[in-house]
Amino acid sequence: MNFCVQCGANTIYKVPPHDNQLRFVCRLCGHIHYENPKIVCGCLVRSDDQVLLCKRGIEPRKDRWTFPAGFLERHETTLVGAKRETREEAHAEVEIQMLYMQFDLAYISQIYQFYLADLLGSFAPGDETLDVQLFNEKSIPWEQLAFPVIRKSLESYFADRERGRYRFRHFEIPDRTSWTSL
């Protein structure tokens, strides 16, 4: 960040007084610019014994399969954001059942929240989606999944479905190497 959003003056990257983190601070007015984690929300959408996956039409991981999900907008709850992202990316309406998965990815300053949801009606690709399909466990393109959070969520979902009981799960991922221990 080169310029202050308050007054337009140059910023400096330093630890402000009474703080312990490096932050951008305005050289003129002293405004502290905080950088907070981004929240990604979406749905693990199910229909009978299948789940809905979207083929990404944008980077990162274009042409890979994922849940309908994206960044939370200002003034939105994660539940509202998850439903909006599902409408935008899969043109699908869902009935939310529960908050199902949360991943705290400290190394990229992101938090992912996925809701377990039931599909209500039809679906089709949205503007940022190349394809949308329902997959059963055996037909999921496991080697073409976009992100580790999708794989872990699907593995947990199918294990829960086998048990006949779904429970909320939370994972803290401090660095890239932590995925191998899950």
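Just above sits the structure.
Residues numbered from 1 in each chain as written. Predicted model: local features only at pLDDT ≥ 70, side-chain atom pairs only at ≥ 80, totals over all residues. Heavy atoms only, no water.

Participant: Quick question: what am I supposed to make of the packing of aromatic side chains here?
Facilitator: Here the distance between the centres and the angle between the planes together describe a pair of aromatic rings. Tallied over the full model, the rule gives eleven aromatic pairs. Residues Tyr157 and Phe158 carry aromatic rings whose centres are separated by 5.1 Å and whose planes lie at 65° to one another, so their mutual orientation is edge-to-face. Members of the aromatic cluster, each reached through a chain of ring pairs, are Phe67, Phe103, Tyr112, Phe114, Phe171 and Trp179. (Phe/Tyr/Trp six-rings, centres within 6.5 Å; stacked < 30°, edge-to-face > 60°.)

Participant: So what exactly am I meant to see when it comes to the pattern of salt bridges here?
Facilitator: If charged atoms from side chains of opposite charge come close, those side chains can pair. This structure, assessed with the given rule, holds ten salt bridges. One salt bridge in this structure joins Arg46 and Asp118, with 2.4 Å as the shortest N-O distance. Placement of Arg46 in strand β4 (residues 38-47) and of Asp118 in strand β9 (residues 110-120) is noted, with a sequence separation of 72 residues between them. Given the relative accessible area of 22%, Asp118 is considered partly exposed. Close ionic contact of Arg169 with Asp160 constitutes a salt bridge, the shortest N to O distance being 2.6 Å. Assigned by exposure class, Arg169 and Asp160 land together as buried. One salt-bridge network, in which partners are shared between bridges, spans Glu76, Arg84, Glu85 and Glu88. (Salt bridge = Lys/Arg side-chain N within 4 Å of Asp/Glu carboxyl O. Helix = DSSP H or I, 4+ residues; strand = E, 2+ residues; numbered from the N terminus. Buried < 20%, exposed > 50% of the residue type's maximum accessible area, 1.4 Å probe, protein only.)

Participant: Where do I start with unusual backbone geometry in this structure?
Facilitator: The bulk of non-glycine residues show a negative phi, and the bulk of peptide bonds are trans. Residue Pro60 is bonded to the preceding Glu59 through a cis peptide linkage, with omega at 0°. With respect to the helices and strands, the residue Pro60 is situated in the loop between β5 (50-56) and β6 (65-66). With phi around 65°, Arg61 is a residue other than glycine that occupies positive phi space. Note on placement: Arg61 falls in the loop between β5 and β6. The class of Arg61 is partly exposed, set by a relative accessible area of 35%. The phi angle at His75 is positive, at roughly 65°, despite the residue not being glycine. Within the secondary structure, His75 sits in the loop between β7 (69-71) and α1 (78-90). Looking at His75, the relative accessible area reads 77%, which means it is exposed.

Participant: What is the right way to look at α1 in this model?
Facilitator: Since there are 3.6 residues in each turn of an α-helix, residues three or four apart along the chain are aligned in direction. Counted at 1.5 Å a residue, the expected span for α1 with its 13 residues is 18 Å, and the 17 Å between its end C-alpha atoms agrees. Here α1 has its buried residues at Thr78, Gly81, Ala82, Arg84, Glu85, Thr86, Glu89 and Ala90. A positive backbone phi angle near 45° is found at His91, which sits one or two residues after α1. (Expected span 1.5 Å × (residues − 1).)

Participant: Would you explain the sheet that holds strand β2 (residues 23-26) in this entry?
Facilitator: The strands making up a sheet associate through hydrogen bonds between their backbones, and the pairing can be parallel or antiparallel. Within the open sheet, the three strands sit side by side as β1-β2-β3. Their pairing is antiparallel. Strand pairing shows two members of the sheet lacking a second neighbour, β1 (11-14) and β3 (32-33), which therefore form its edges. Two elements, β2 and β3, share two bridges in a ladder whose sense is antiparallel. Counted as the bridge partner of Phe24 is His33 from β3. (Pairing = 2+ DSSP bridges.)

Participant: Can you help me understand the pairing of β4 in this one?
Facilitator: Among the ten residues in β4, eight count as buried, and that is most of the element. Pairing of β4 with β7, which is carried by three bridges, proceeds in the antiparallel orientation. Of the residues in β7, the one forming a bridge with Cys41 is Gly70. Both β4 and β5 contribute to a ladder of two bridges, which runs antiparallel. Opposite Ser47, over in β5, you have Gln50 as the bridge partner.

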